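Here's the letter readout for the chains.
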Amino acid sequence: MDYNFWEIEPKWQQYWEEHQTFKTGNDFSKPKYYILDMFPYPSGAGLHVGHPEGYTATDIVSRYKRMKGFNVLHPMGWDAFGLPAEQYAMQTGTHPAITTRNNCDTFRRQIKSLGLSYDWSREINTTDPGYYKWTQWIFTRLYNTWYDKELKKGRPVSELPIPDAIRAQGEKAVRDYIAGKRLAYYDNAQVWWCPSCRTVCANEEVLTDGSHEKCGHPVNRKNLKQWLLRIPHYSERLLEGLDTLDWPEGVKDMQRNWIGKSSGAEVDFPLQGMDEILRVYTTRPDTLFGATYMVVSPEHPMLEKLVTPEFRETVAAYSRAASLKSDLDRTELAKEKTGVFTGTYALNPVTGLPIPVWVADYVLMGYGTGAIMAVPAHDTRDFEFAKKFGIPVVCILDPLKAEPGLREQVLAGDACWTEDGAYIRSANPVKGIDINGLNKEKGIATINQWLEDHGLGKATTNYKLRDWLFSRQRYWGEPFPVIHWEDGEITLDESLPVVLPELDVFEPGEGGESPLSNAREWLSVTGPDGRKGRRETNTMPQWAGSCWYYLRFIDPRNEEKIFDPQLEQYWMPVDLYIGGAEHAVLHLLYSRFWHKVLFDLGIVSTDEPFFKLFNQGMILAFAYETAMGAKVSSDLVEDREGRFFHKETGDELRQIVAKMSKSLKNVINPDDVVKQYGADSLRLYEMFMGPLDERKPWAENGVKGVFNFLNRAHRFFADVSNVAGETEDPETEKLLHKTIHRVSQEIENLKFNTAISFLMVFNNHVMKKGKVTKSTAETFARILSPFAPHLAEELWSLYGNRNTLAYEPWPEVNQELLKEDTVEYPVSFNGKMRFKLELPAALSVSEVEEAVIACEKTGKYLEGKAIKKIIVVPKKIINVVIS
RNA sequence: GCCCGGGUGGCGGAAUUGGUAGACGCGCUGGACUCAAAAUCCAGUGAUAGCAAUAUCGUGCGGGUUCGAUUCCCGCCUCGGGCACCA
């Protein structure tokens, strides 16, 4: 009988749908397991083979956990706001809502064709007003929250203490004061602007090369009134939380780097001839004796005061030039340092010597105090600058570990040294400070103490994390529930949802006007007092909807509340979250931030949303290139026994691994694979390709390989004449239990490739043996079911079972059967394996030694040499050391 | 430049993190069945030498520790990802 997957698969999919097999159970006495996929953006291209990779992995774990007796929450939904639908609307006039609905329908059909065990009754869509009502509601919470630095938590603004001095200035002052504390605020911001998309974007969305993550066009700076979220308040909390999570270390590191904590000190430098100080931030206060000049950023507020009349013009010109440069020019391209002298001198607080204050754009206003002390001998940037402008380089740290030649150069101020060493020229008896001879660690501690004692500075911490720019000049996004009144007051619109109005024109204005400013009727509001107002026309970024969707899955149809708190307490946190690594600092940082705010407000019960995170590796494809490195489209490649040739030129080509791309004609459509080999084959292959977290190339022959396995399993197990054994063969029984053990273990460790190989080994074994008992066949169907659920259900029903096996108990391992009576010891001589020796497992070490010596094969390898030592690792190896 | 991952047969990848390197799958070779092919089944398959038993070499490169290293240490090469004038 054929492996008729084309009949089996739709049949079982229909069964599951009709019986609501995967509707989440409401037996809350069971242990829960919440397993989540990063929900997709439903693009017009349909499902990519990368999607089923993560989805199959979570599906295997979900099915396994159900059989293990867990109450499993495994939902799916659509992150459906976003640019492509809007751009498509601009080109074709089709409303984004229609495009989105069609794309979701396609995705849903495709996902359902894979037999994934989602609870579809919980499907959510971020563009549904019933959903974004609560996205808006969370925004209102953010708006009404301030961060209490003492308690290290967010609190309602109603609890914000207002200083008397502010209160005395009247209502507007109080309002401004509160606005200055809110986690969501509206302000003028130097923002990244993408001229191609005509919208602003967040720091996190700008790539290293200065291009927009979404479209690839270069971005520039613009000054606009925008909504921002004060995520930096949560820097420390976001950092600390990472230590409690079972996440890939790489992702944690990326978040740590992004938050960018650094410890250092703020130091005050008195300005010569002025009653002012210039405050700097440095991570190397220990090098204070080597500070030979200072630099302020061109945007520094004190710059005006610092400039002496004779330098006014050059400094003004420099600042103007700097302001016109994009950040890209100021970083990437500006290998060469630039800067000008302000005419002012500051006094080095430890030496008392005057040092010049310069302005240069390599110092950024957004970090630290926007001013630095420069120590050219021990900082490469300062060294470069000092050499260019002829500023003295004073070495104050003897590089003991440097090579002799380099050490001489450093000591002479001709080279820069940033490592540890011993301080020299770092004492001033007049000031009562001496760190000569100390190392870096002690030097920093000593100087910090001295600075604090003298009121000249103190140890501080800095973070790179900046306010999160939270508004976009887009139509297809969540409207802000905000009204700007004619008198300048901003209030929330509490009647949620604020529904996105219908529009025919989606074009954003070149100057930054949002498309919603065309929605005239929707736009204007009149208050009860007759006051006129205008709605916020920006919309929220795509991250908003995905920041909290995992919470809505818990109680997706609740119209009264964001969710039932009791359900939240039961289901949270997410136990396993699988998705791509591209979200390491965007979605995953934003979500954690929102979640912590909600936690502080008592809305959620856990401090972190995702307990375990796992990143699936990207699925790539084979591609071909010529000797010169030119890529060749796959349809022009001929495979001749493992070597590849260009069909037209006949040149031999090199096989490489690259991203799937339309131009290389190597994109795989999951629908085609399902049609040709079935969903179980697609699932199995994606899991069998290699470790889940690694990038790996798609190979058609690999699909055939697993398809072949399913064929063989079907041929054997679907033939009931094979399932007729009375009692099980002991060898088969042993292997069966070993297989259950290994498969269970590998599922727990998310190592599905090896789990599948164990199933193959078992199948190969029984096919050779010829017959198994019904019990063995049923057990095999159960352990196969997480991977190939359609075939497993089919076999299960063939054996006379009426119900789905989705909730059958996972087979127990009989530990007795895992024990071996004998061990086949590899015997090696001086580490080289020579032969194998089967011995009873119960033998003691000395008995094993005796058996080895007694073995006749041993004599052959001794050849008159003496045994120095015999190493026996019980049940592993024997190594005979000979002279 | 800095921070993370990788590098194992012709290919995808295994190896209980110090104990038989190459499980499983693909591909290839030979055989059975067939008029023939496909499908299926059986056997073989890291390299070199040998009819063979067997021997030598072999996990990116060079050292080291160890009875024993894909695994640990030191120094490199290389591919991928992230960050980057953050003082």
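Described below are features of the structure shown in this document. Note that the structure is a prediction, hence the values are computed from the model and not measured.

### With respect to the overall build of chain A
Okay, step 1: Along its length, chain A carries 30 helices and 37 strands.
Okay, step 2: Seen through its principal axes, chain A has C-alpha atoms that stretch 100 × 90 × 65 Å.
Okay, step 3: Split into buried and exposed, the 883 residues of chain A put 54% on the buried side.
Okay, step 4: Within chain A, residue pairs in contact and separated by at least 24 positions form 71% of the contacts whose partners lie at least 6 positions apart.

### Notes on the sheet that holds strand β27 (residues 613-616)
Okay, step 1: The four strands are arranged β2-β1-β26-β27 in an open sheet whose pairing can be described as parallel. Each edge of the open sheet carries a strand with a single partner, namely β2 (71-73) and β27. Pairs of neighbouring strands in the sheet enclose a mean axial angle of 20°, with direction left out of account.
Okay, step 2: Note: strand β1 (residues 32-37) against strand β26 (residues 576-580), three bridges, orientation parallel. Each residue of the ladder has a partner; that of Asp 37, found in β26, is Ile 578.
Okay, step 3: Helix α2 (residues 50-67) contacts β1, β2, β26 and β27 of the sheet and is inclined by roughly 170° relative to β1.

### A short note on empty space enclosed by the protein
Okay, step 1: By the definition in use, this model includes one cavity of 30 Å³ or more.
Okay, step 2: Space inside the largest cavity adds up to approximately 170 Å³.
Okay, step 3: Taken together, 16 residues form the lining of the largest cavity, with Leu 83, Lys 214, Arg 472, Arg 474 and Gln 542 sitting closest to its centre.
Okay, step 4: The class makeup of the residues in the lining of the largest cavity is six nonpolar, six polar and four charged.

### Some words on the packing of helix α5 (residues 129-143) against helix α20 (residues 587-600)
Okay, step 1: The geometry of α5 relative to α20 is characterised by a closest axis approach of 11 Å and an angle of 70° between their N-to-C directions. Taken together, α5 and α20 sit at an angle that is classed as roughly perpendicular. Every pair of crossing elements has a handedness; the one defined by α5 and α20 is left-handed. Contact residues: α5 offers Thr 135, Ile 138 and Leu 142, while α20 offers Trp 594, Val 597 and Leu 598.

Criteria and cut-off values
Residues numbered from 1 in each chain as written. Chains lettered and ligands numbered in written order. Predicted model: local features only at pLDDT ≥ 70, side-chain atom pairs only at ≥ 80, totals over all residues. Heavy atoms only, no water. Helix = DSSP H or I, 4+ residues; strand = E, 2+ residues; numbered from the N terminus. Buried < 20%, exposed > 50% of the residue type's maximum accessible area, 1.4 Å probe, protein only. Contact = heavy atoms within 4.5 Å. Pairing = 2+ DSSP bridges. Axes fitted to C-alpha atoms, helices over the stretch in contact; angles between N-to-C directions. 1 Å grid on protein atoms, 1.4 Å probe; cavity = no way out; pocket = protein on both sides within 12 Å on 5 of 7 lines; lining within 4 Å. Points joined across faces, edges and corners; volume = space filled by probe spheres on them. Nonpolar A, V, L, I, M, F, W, Y, C, P; charged D, E, K, R; others polar. Parallel < 35°, antiparallel > 145°, perpendicular 65-115°, else oblique. Left-handed = near helix turned anticlockwise from the far one by under 90°.

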